[in-house]
Amino acid sequence: MTKTTTSAPVLGVRALNRATLDRQLLLRRSGMSAKAAVGHLLGLQAQNVKPPYYALAARLDGFTPEALSELMADREVVRIVTMRSTIHTHTAEDCLTLRPLVQPARDRELTNFRKGLQGVDLDRLAVLARELVEAEPRTMKQLREALLAEWPDADPQALAIAARCRLPLVQVTPRGLWGRSGQVALTTAEHWLGRPAASVPAPDAIVLRYLAAFGPASVKDMQTWAGLTRLRDAFERLRPRLRIFRDENGVELFDLPDAPRPAEDTPAPPRFLPEFDNLLLSHTDRTRVVPKEYWGRSWQGNQAYRTLLVDGFLAGIWKLTADALVVEPFDRLTKAQREDVTAEGERMLAALHPGTPYDIRFGTVGPA
């Protein structure tokens, strides 16, 4: 541990919690536009269609599903695989810059499928796949079948994944629109957006944006968020411009000098978050949001539950049934907390499901 680190101010768990919630627009609802919020947050987890809508409803004042659907229909935001090899909703600008930044991780991902790609010329595959999806959007099944005709001895699934890794493939609408159905059909980002991808951005600029949305944070935190390695050099170049803190375990944390760091007793209203929300996935040490005793409670196998925050921390899960919003706290809530959770649930339902009669019920989650 360096002298700088040992002399840096300590930020406790609650201080980190409040700072992160503020950056994530979760301490108070923001008046940002949906597009500005998607950009500020560096994208929204979008493994399923609905999570980006719930994520913005929790963060923005007056949000309606149409605000995001219209951006998607107008090709101002898109769905594409970026960080951690997962689908995110990004602004068009970020799609064309962040995907090149994380391309090394997509290249590494291909090594997991090398057995099924023996004898496959990946450069030729990328050219052929681009021609296919730019001629017309293709489903993964169509892409597999077309590529298999060229390499009949290869693993079909590996061929399609290779195309997804080598090319910036976006999901075309109506997939992703609120209340609309549509299978996943793919074309290139450049073709869909009508302009070329940017050159690989210097990681320094993305470090600053990451800290604005997720800070204070360590080098490993950002690497966890991005699914990248070797970001230490970028942080070191930026060190003279940043504030340095440490957490209670002595881990060095970086932050923007003028970023908000609210007092740890700042009120944090309840929030209903979607499954896979980046708030819970973008730090190596998640205790700033997930109490240790609840670690693993928001997952079952590879499936994530929709999560509830109370006092800024993970406190339960929730689901929508045919007629009810069912809230399942991990522990007993006070009467005041239940009233606040109910009010927040009513607000969320009014924003995303207006006119649909839902009861709000409290259930229980069994012990871990």
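Our structure's up above, just so we're on the same page.
Just so it is clear, the structure is predicted and the values come from calculations on it, not from any experiment.

Participant: Quick one: what's the story with the overall build of the chain, residue by residue and with numbers?
Facilitator: When its secondary structure is counted, the chain shows 14 helices and 14 strands. Expressed as lengths along the three principal axes of its C-alpha atoms, the size of the chain is roughly 65 × 60 × 40 Å. In the chain, buried positions account for 53% of the 368 residues. For the chain, contacts bridging at least 24 residues in sequence account for 67% of all contacts bridging at least 6. For the chain, the exposed area adds up to about 16,400 Å²; of that, 51% sits on carbon and sulfur atoms. Each charge sign in the chain was given a centre, from 49 positive and 44 negative side chains, and these centres are 2 Å apart.

Participant: Report on the nonpolar core, specifying residues and quantitative values.
Facilitator: Leu56, Phe63, Leu68, Phe272 and Met348 are the most contacted members of the largest nonpolar core, which totals 30 residues. Mapped by element, the contributors of at least two residues to this core are helix H3 (34–40), helix H4 (51–57), helix H5 (65–73), strand E11 (306–310), strand E12 (313–320), strand E13 (324–329) and helix H14 (335–352). Ranked by residue count, the leading element in this core is H4, at five residues. Apart from residues no more than four positions distant in its own chain, Leu56 is found in contact with Ala34, Ala37, Val38, Leu44, Phe63 and Leu68. Grouped together as the second largest cluster of nonpolar side chains are 28 residues, Phe214, Ala234, Leu238 and Leu256 included.

Participant: So what's going on with the pairing of E12? Residues and values would help.
Facilitator: Among the eight residues of E12, six are classified as buried, and the element is accordingly described as predominantly covered. Of the strand pairs in this sheet, E11 and E12 are connected by five bridges, and their pairing is antiparallel. When the bridges of E12 are listed, Leu308 appears paired with Gly316. Turn length for the E11-E12 hairpin, with the two strands adjacent in sequence and antiparallel, is two residues, and the turn residue Asp311 shows positive phi of about 55°.

Participant: Describe the sheet that holds E13, with residues and values.
Facilitator: Strand order across the open sheet formed by five strands is E8-E11-E12-E13-E14, with mixed pairing between neighbours. The sheet is open, and its two edges are formed by strand E8 (271–273) and strand E14 (359–362), each paired on a single side. Each strand axis lies, on average, 30° off the axis of its neighbour in the sheet, ignoring direction. Pairing of E13 with E14 involves four bridges; the strand directions are parallel. Of the residues in E14, the one forming a bridge with Val326 is Arg361. Strand contacts of H14: E8, E11, E12, E13 and E14, with the helix running at about 145° to E14, the strand carrying the most contacts.

Participant: Which residues make up the pairing of strand E7 (residues 252–255), and what values do they have?
Facilitator: Successive residues of a regular strand alternate their side chains across the two faces of the sheet. Taking every second residue as pointing to the same face, both faces of E7 are buried, with Glu252 and Phe254 on one and Leu253 and Asp255 on the other. Bridging between strand E6 (residues 243–246) and E7 involves four bridges; their strand directions are antiparallel. Note that in E7 the partner of Phe245 across the bridge is Leu253. The turn joining E6 and E7, which pair antiparallel and follow one another in sequence, is formed by five residues; a positive phi near 85° is taken by Gly250.

Participant: Just give me the short version of unusual backbone geometry, but keep the residues and values in it.
Facilitator: Here Thr173 and Pro174 are connected by a cis peptide whose omega angle stands at 15°. Topologically, Pro174 is positioned in the loop between strand E4 (169–171) and strand E5 (186–188). Omega for the bond connecting Gly215 with Pro216 falls within 30 degrees of zero, at -5°, which places this linkage in the cis form. Non-glycine residue Leu25 carries a positive phi angle of around 65°. A relative accessible area of 9% means that Leu25 is categorised as buried. With a phi angle near 65°, Arg75 is a residue other than glycine that sits in the positive phi range.

Cut-offs and rules
Residues numbered from 1 in each chain as written. Predicted model: local features only at pLDDT ≥ 70, side-chain atom pairs only at ≥ 80, totals over all residues. Heavy atoms only, no water. Helix = DSSP H or I, 4+ residues; strand = E, 2+ residues; numbered from the N terminus. Buried < 20%, exposed > 50% of the residue type's maximum accessible area, 1.4 Å probe, protein only. Contact = heavy atoms within 4.5 Å. Areas by Shrake-Rupley, 256 points an atom, 1.4 Å probe, with all protein chains shown as cover. Lys, Arg positive; Asp, Glu negative; His and termini not counted. Charge placed at Lys NZ, Arg CZ, Asp CG, Glu CD. Core = buried A, V, L, I, M, F, W, Y, C linked by side-chain atoms within 4.5 Å. Pairing = 2+ DSSP bridges. Axes fitted to C-alpha atoms, helices over the stretch in contact; angles between N-to-C directions.

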